There are 2 protein chains.
Amino acid sequence: MHWPVEAATEVLPLPEVNQRRLAQDLRMLAHIGASPGGGINRLAFTAEEREAHSYVAARMREAGLTVRGDAIGNTFGCRPGGREGLPAIVLGSHLDSIYEGGQFDGTVGVVGALEAVRALNEQNIATLHPIIAVAFAAEEGARFGASNLGSRALVGDLPQEELRRLHDGNGTSVAVAIQQLGFPLKEIPTCRWDSRQVGAFVELHIEQSAGLETLRKPVGIVDAIGAATRLRINLIGRPDHSGATSMSLRRDALAAAAEIVLNVERIARETAGRNTVATVGKLNVKPGVITVVPGEVEMDIDIRDIDADMKDIATSAMEAMVHEVARRRGIQERIELLTHQLPSTLAMWTREAIRGVCQEMGVDYRVLPSGAGHDARVMADLAPAAMILVRNKSGISHSPAEWVEMSDIVLGVQVLTNTVLKLDDALAQRRGEGKHP
Amino acid sequence: MHWPVEAATEVLPLPEVNQRRLAQDLRMLAHIGASPGGGINRLAFTAEEREAHSYVAARMREAGLTVRGDAIGNTFGCRPGGREGLPAIVLGSHLDSIYEGGQFDGTVGVVGALEAVRALNEQNIATLHPIIAVAFAAEEGARFGASNLGSRALVGDLPQEELRRLHDGNGTSVAVAIQQLGFPLKEIPTCRWDSRQVGAFVELHIEQSAGLETLRKPVGIVDAIGAATRLRINLIGRPDHSGATSMSLRRDALAAAAEIVLNVERIARETAGRNTVATVGKLNVKPGVITVVPGEVEMDIDIRDIDADMKDIATSAMEAMVHEVARRRGIQERIELLTHQLPSTLAMWTREAIRGVCQEMGVDYRVLPSGAGHDARVMADLAPAAMILVRNKSGISHSPAEWVEMSDIVLGVQVLTNTVLKLDDALAQRRGEGKHP
């Protein structure tokens, strides 16, 4: 196969990725939960998400991996290492999507992990450490407002209380949704892994913005993963008649919400750090009738940064702003903290492993932070974690318009595969052993 | 019975209203379409609206009126006059509601018209002109976005094309909704009345704001009825990932919508006339997910004034503003004109008839415009029209919290009843006849 990078200097010959098989897996998964409009609908803890896990589990079995699932719905495929008792190199991402999401988000990392193991198998390349390909459940926060439920169960950070508290738009709790799929709720604590079981975690993922495409780099190496603080704002005004109520007598919940939307944008742009982003993605108006001044608004604010302090500064500024707008307009406000995640700086040595692979392969890369949250952020609590980003030709994600070139995916999977070998050596060296033969 | 006004000077002794019967009718109607939250849901062209019409038709028959309906669902109860061939005095309002509306809006005017006729009957008071009590269909614009469909059919201003074009939120057109209720769509042109059939129209209605309550006046006499221009705005931005997309690269449809909401408020307050009001009552965000920068917004603007020129100035300013916001933010915009009504100044002589009644009864009143639209605005195209407003203790309408005191309703019905007698004389005088014996 040919690298799309012309100026390759010292090309690693190892190991070949089967592009046709990779494309076939992506295509098959893109049919699961596809809507007529071309969007993917594999929401967390739905039959569609389970179908995708079944597909991947079947491919893992075909590849000779030992497959198992856990009580939160994560799926694992294990390839033994050359020596007993060593920690695993874990690779993977998620299979769930938002409403009308894209076909590459998450999926590329799961199929990529599977393909990396298949490539090693076919070329009879053994590793010292076991390799575990993982498909996480419920990474996206779209259904329940909280993200990374699968990986959080694995690191032991998913209290039962939260499973009962979080609800989707139909009032179904995570606990109920899990049980409806036949998973044993009370066994979720057993999902937790011991950190000694994992030597390193690597997530391959598409970039969810236009950064690499703008820079014309096919690969990104993540140095830090941003995290979200999420606020739910409820505003109660008064539902007056739109014709009979003079402007000065109104307590318009939507006008208050509009001020908040613009101030969220302003604070993210001006007050907060260079990498702070903030979004009002969801806003519902009640009663939502053309002839009634809006009496109630519920809106969610998503605040992200790779710098925890900057995120806290922005969050405080927004809370103060909401109170000020509400007070000035005679609106009752309530602010609920939905999510408060910590950003993660990824381990230097795992990042250096990827950098080494890119340099040896002659692949042009850029080290950059990820504003989007990922399972790697959660897994970094358990073990040194790393992330390889694949260039996103469309520059957008969380949309049916998301598009990634197959040549970039293949390149990403190749970097992932070589990174596994590099980490296999690096882990041994870190234990004081020599390069493995 | 006793007037709640202490300082009554020259009290008209005529004719007594049955408060118990009036209250009973209002209570019975308040059960039709009532939700657990206390709101009334008798949307235009629904089974609930028809049930209310059936209730009123039964009471009309009990009162000895000749009852008939027309092809759009209006219900009429006719009491003959003393002389053949004279135009009718028409009294009434509507029985439909918005989603979760109040129990007095419209209903008070229908029950009031019925009670006025019953009071005249019981006291054997004859009139020269026939009296027609009417319950209009589909006054509220909540379901289909267009108001006064019943009265517009009566004045011949409801083209078939509009019945097919207007849709509710489920995609059901007015034409289909009418036919599903068993009404003959193609006979709607037969709903039209000849203006020579009507001598005057009087609508009793609750005030839909706090004006009279603030002034401590129990009755209002309307001099002009405002009208609405309604715009539907569609904004198309780009649905980006909320974590991965920097603030400067966004095309956030909701941020654009928020600017529009605040500018609509500002234009109504500052640029336009003293009586201009404007509202964004409905705003829907797509995809409406916490982790996605909003890609699309659909919002409706309702602009009202009693001055047609001021309303047009405000509308033009808003259209220009929408284009400016969209252009600056890189958003695609579309503006659709949903409704363009003309305000109406009511006839001086009908207004003077009500003023005379109030003065003779010693009832404290205020002449004032109505910002809310009413069937009287439409009926004014057919015949001289008048409106009596009843004080609204709650100061709000289009809400389950709408509340009107029974004593104020009784007073309003009494003023209405005396106004009928006053108009009966005035119509004769305007034809050059003397005061009727």
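Everything quoted here is computed from the prediction, not taken from an experiment.

Rules used throughout
- Residues numbered from 1 in each chain as written.
- Chains lettered and ligands numbered in written order.
- Predicted model: local features only at pLDDT ≥ 70, side-chain atom pairs only at ≥ 80, totals over all residues.
- Heavy atoms only, no water.
- Least-squares fit on C-alpha atoms with pLDDT ≥ 70 in both.
- Contact = heavy atoms within 4.5 Å.
- Helix = DSSP H or I, 4+ residues; strand = E, 2+ residues; numbered from the N terminus.
- Buried < 20%, exposed > 50% of the residue type's maximum accessible area, 1.4 Å probe, protein only.
- Lys, Arg positive; Asp, Glu negative; His and termini not counted.
- Salt bridge = Lys/Arg side-chain N within 4 Å of Asp/Glu carboxyl O.
- Polar contact = N/O pair within 3.5 Å; in protein donor to acceptor, adjacent residues only side chain to side chain.
- Pairing = 2+ DSSP bridges.
- Axes fitted to C-alpha atoms, helices over the stretch in contact; angles between N-to-C directions.
- Parallel < 35°, antiparallel > 145°, perpendicular 65-115°, else oblique.
- Left-handed = near helix turned anticlockwise from the far one by under 90°.

Even after reading the chapter, I still don't get the relation of the copies chain A and chain B, so can you show me in this structure?
Two copies of the chain are present, and they differ by a rotation about an axis and a shift along that axis. Placing chain A over chain B gives an RMSD of 0.1 Å and needs a rotation angle of 180 degrees, together with 0.1 Å of translation along the axis. In short, the pair behaves as if placed about a two-fold rotation axis. Closest approach to the rotation axis within chain A is made by the C-alpha atom of alanine 258 of chain A, at a distance of 2.1 Å. A high fraction, 100%, of the interface residues of chain A reappear at the interface in chain B, so the copies pair face to face through one surface.

Could you clarify how one ought to interpret the side chain of arginine 377 of chain B in this entry?
All names here are of chain B. Along the chain, arginine 377 turns up in helix α11 (residues 375-379). Among buried charged residues, arginine 377 stands out as having no salt bridge; its nearest opposite-charge side chain is aspartate 381, 6.1 Å away. Looking at arginine 377, its side chain comes within polar contact range of the side chain of asparagine 148, at 3.4 Å. Reaching out from arginine 377, the side chain makes a polar contact with the backbone oxygen of leucine 342 at a distance of 3.2 Å. Those residues within four positions of arginine 377 in sequence are excluded, and the remaining contacts are Asn148, Ile225, Gly226, Ala227, Gln341, Leu342, Pro343 and Ser344.

Is there a simple way to explain unusual backbone geometry in this structure?
Glycine aside, the phi torsion of most residues is negative, and most peptide linkages are trans. All names here are of chain A. Here the bond from lysine 286 into proline 287 is cis, since omega is 0 degrees, no more than 30 degrees from zero. Position of proline 287 relative to the elements: it lies in the loop between β8 (277-286) and β9 (296-305). Although it is not a glycine, phenylalanine 45 adopts a positive phi angle of roughly 60 degrees. Mapped onto the elements, phenylalanine 45 comes out in the loop between α1 (19-31) and α2 (47-62).

Any chance you could explain the sheet that holds strand β10 (residues 332-340) of chain A here in plain terms?
Hydrogen bonds between backbone atoms are what pair the strands of a sheet, whose relative direction is either parallel or antiparallel. All names here are of chain A. Spatial strand order, β8-β9-β7-β10: four strands in an open sheet with antiparallel pairing. Looking at which strands have only one partner, the edges of the open sheet turn out to be β8 and β10. Each adjacent strand pair in this sheet contributes to an overall mean axis angle of 15 degrees, direction not counted. The pairing of strand β7 (residues 227-236) with β10 spans eight bridges and is antiparallel. In the sheet register, arginine 232 faces β10, and the bridge partner there is glutamate 336.

Sorry if this is basic, but what is going on with the packing of α1 of chain A against α2 of chain A here?
Working note: a packed helix pair is described by the angle between its axes plus the distance between those axes. Residues and elements named next belong to chain A. Axis separation between α1 and α2 bottoms out at 10 Å; the angle between their running directions is 155 degrees. The angle between α1 and α2 places the two elements in the roughly antiparallel class. As α1 packs across α2, the resulting crossing turns out to be right-handed. Two secondary-structure elements touch here, α1 through Gln24, Asp25, Met28 and Leu29 and α2 through Ala52, Tyr55, Val56 and Arg59.

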